[in-house]
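Here's the letter readout for the chains.
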Amino acid sequence: LKPPSAMETAAPSLLCALTALGLRLVDGRFTAAGKAMLGALPLFLMQMLGRLRQLSEAKKKHPGTAEQRAMCLNPVIDKQDFEERFIGTADLESGDFDYIVVGAGSAGCPLAARLAKSGASVLLLEAGGEAHRSREVQMPKRMYGLWQSEVDWGFRSVPQEHLLPRGRVIDLERGKTLGGSSAINYNMWVRGAPEDYDRWAEEFGCSGWSYNEVLPHFKSIESLEGYDPRYRGDSGPVKVAENFPPMEEVEDFMRACEATGAERNPDYNAAKLPGAGLTQFNTARGGREDCFSAFIEPLLRWYPKLRVASESFCHKVLLEEAEGQVRATGVLLELRTGQLITVKCRHEVILSAGAVLTPQLLMLSGIGEKEHLKEHGIRCLRDLPVGQNMQDHPFVPSALLGHQRTPEAPGAQYRNSSSMNAQLFWQSDLDKQREKKLQRSLGADIQIIFLNRPDSSMGVKAGLFLAGQKLFGSLTPDYRSDYKLAASAVATLMRSLLKFQSVREAFTARFFSLTIVNNHNQSRGTVRLRSANPHDPPLIDPKHFSDPEDLEAFVQGYRRMMAVLKHDSMTKHMDPTGVVPLPSADAPQEEIETYILKNSQTTWHYSCTTPMGQLGDPKAVCDPEGRVQGVRNLRVCDAGLMPVIVSGNTNAACVMMGDKVGAMMARDYAGDTAQLSSGRDTAAAPVPAAGVVPVALKSSL
């Protein structure tokens, strides 16, 4: 796409600034806020001019360069913090690889590690750069600042017709660096409910994926001391720990949960999920434990046949068609220089690019809904329901002001915490009815997370969010996109001002939050192509609240949250009325529903867009070993492979899936090396006998 001119980019931003300034007038005079904005206007205009200069320079550069990376909404990582140890080069074209893994994230890294240990030659590709060891990434409490930054793909949803205001667009962050989303997430370690995996095996025909069959893989990937060894591992590559040290506010949250009817659960990652418990984080020596650092870095010295290529953007999978058979032979890559190369492999290509990018790659390669591919001039080689079953976990936050200012505390004291320090897993009445209908246990659908920031960053974030809503919300439901340059300039200005002690002291109010997550969301969304250009982000439509049951579940979860918040052990720390006024627990249903629809966001748990299922299932894209149906030598292994989303954060489940699929492939490679090297392909899962029913696209797409 032709990039906009500097004037085209600046015009709406300048209009936004002038309009916002006008909103600060009362009876023709500036309010105190208006005077403050007027005083900051010269600094704001300087930031705008700086961003315009950056935009002009970036136009001359190729994606992946520092100049292009800096044109994101929120540039926070210094240029020197991007390493260049693994930059993809043209010699990949002549490489000798057994397997190509696309995506060095939560599933791709453990899968590549399993294959490398089997003796296979493996190429691990990553479109992003090498910022996983930067200071910003390694400090989990700074994860807020990484969103919409150089290490984020910066995806956004299509307008959501069921959210308020109607047509609101939500940010859909995805990690774009070595480690993938494990490098920018909350680093919460949540497996989900044991019932989730039994459901995969029994209801969806995914043999080999019952809880008892995935448990050994969960144990093999984690290292955690002092827990029940029947359920937990103590020598795996992923270090898991609770927050340190214990905090009074967290213990009081647990007391409030118990006093309002919940049991205390010492380990929600063991035999059962429901109950109140301390959050477990994947951390190592106080820093973030991203998957590249945990699984790949330790192997590079000892396994020379494992090669990593960063800033190597995959356009599509190379497919050959002969005698009615389709076979994957390699990938088409774009290097940082802009050069296009083809990289071949002897055995298999594995797509681990995530539940958004993997479906896009499949569709660009000719695998997907036939009519949809035809719209973009792509020949359909396999008609499969790619991108038609998107699932996610919406969440609704609350911002609560503490009674005291932020205490001075050593930074290292809380460095292993993303501040999500305790949580309650609870089952709504609606979910209990669902259990009776399905005749199986489902665990818990509502997750209430207690967030406690021991520093000022949350206050700044909440303040900027509220200011954006007040200033620009009346202009457009998507002010972040329409006025991107202004928003970016304001964020840059704020970071500059916060370097001054006097400014930081203005943001030392203590902030808390209780966040509600619906883990059994019934709405189903889609991932669709925007165009046949691989650089165009896909059209992502989570369709939040398109199923009425989801709103009812949130209302029940909201009332449960308010019961906890109003307890004496909580109110002694914070004002329960909320920075954004919270409806009372006994408020009318409509008032609570309005609050939920106005404030709902995503937990970034996009899943199920390339689901596995029983062989021949017309709703499945892959078989239970991740093989794409009807295509030889092509697999999927990421959150998109889930047939139904797990009851909690998805990172731990993705790591387990990468380890399990990698173990399957390593077993096959070790047993079949002789036959494979003589030319035998890995078997393809058969094409479903029934036709794929097209999903109608909404007009908003």
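Preceding this section is the structure that the text describes.
Now for a look at the structure at hand. The model shown is predicted, which means the values in this text are computed figures rather than measured ones.

1. Here we look at unusual backbone geometry
Between Leu-164 and Pro-165 the backbone carries a cis peptide bond, its omega angle lying at -10°. Inspection of the secondary structure puts Pro-165 in the loop between strand S5 (155-156) and strand S6 (171-172). Here the phi dihedral of Asn-187 falls at roughly 50°; this positive angle occurs in a residue that is not glycine. With respect to the helices, strands and loops of the structure, Asn-187 is situated in the loop between S6 and helix H6 (194-203).

2. Comments concerning the packing of aromatic side chains
Applying the stated criterion to the full structure yields 14 aromatic pairs. When the centroid spacing of 5.9 Å and the interplanar angle of 65° are considered together, the rings of Tyr-99 and Tyr-669 count as edge-to-face. With a gap of 570 residues between them, Tyr-99 in strand S3 (residues 99-102) and Tyr-669 in helix H20 (residues 651-677) connect regions that are remote in the sequence. Like Tyr-669, Tyr-99 is buried. For the ring pair Tyr-197 and Trp-200, a centre distance of 5.0 Å and an interplane angle of 70° mean the geometry is edge-to-face. Here the residue Tyr-197 and the residue Trp-200 both occupy positions in helix H6, the gap between them amounting to three residues, near one helical turn. Put simply, the rings of Tyr-197, Trp-200, Trp-209 and Phe-218 pair up and form one aromatic cluster. Above the plane of the ring of Trp-153 lies Lys-176, whose end atom (NZ or CZ) is 4.3 Å from the centre. A cation sits over an aromatic face here: Lys-660 above Trp-209, 5.2 Å from the ring centre.

3. Section: the pattern of salt bridges
In this structure the tally under the stated criterion is 33 salt bridges. Measuring nitrogen to oxygen at the nearest pair gives 2.4 Å for the salt bridge that ties Arg-255 to Asp-252. A residue pair is termed a helical-turn pair when its members lie 3 or 4 positions apart in one helix, as Arg-255 and Asp-252 do in helix H8 (residues 248-259) at three residues. On the basis of relative accessibility, which here comes to 2%, the residue Asp-252 falls in the buried class. Asp-668 is the salt-bridge partner of Arg-667, the closest N and O atoms lying 3.2 Å from each other. The partly exposed category is assigned to Asp-668, whose relative accessible area is 25%. If you follow the salt bridges from partner to partner, you end up with Glu-348, Glu-625, Arg-635, Arg-667 and Asp-668 in one network.

4. Here's the deal with the nonpolar core
Membership of the largest hydrophobic core comes to 169 residues, with the highest contact counts inside it found for Trp-200, Trp-209, Phe-253, Phe-295, Ile-296 and Leu-634. At ten residues, H20 tops the list of elements feeding residues into this core. With residues near it in sequence (within four places) discarded, Ile-296 still touches Cys-109, Ala-112, Ala-113, Leu-124, Cys-291, Leu-306 and Val-308.

Cut-off values and rules
Residues numbered from 1 in each chain as written. Predicted model: local features only at pLDDT ≥ 70, side-chain atom pairs only at ≥ 80, totals over all residues. Heavy atoms only, no water. Helix = DSSP H or I, 4+ residues; strand = E, 2+ residues; numbered from the N terminus. Phe/Tyr/Trp six-rings, centres within 6.5 Å; stacked < 30°, edge-to-face > 60°. Buried < 20%, exposed > 50% of the residue type's maximum accessible area, 1.4 Å probe, protein only. Lys NZ or Arg CZ within 6 Å of the ring centre and 35° of its normal. Salt bridge = Lys/Arg side-chain N within 4 Å of Asp/Glu carboxyl O. Core = buried A, V, L, I, M, F, W, Y, C linked by side-chain atoms within 4.5 Å. Contact = heavy atoms within 4.5 Å.

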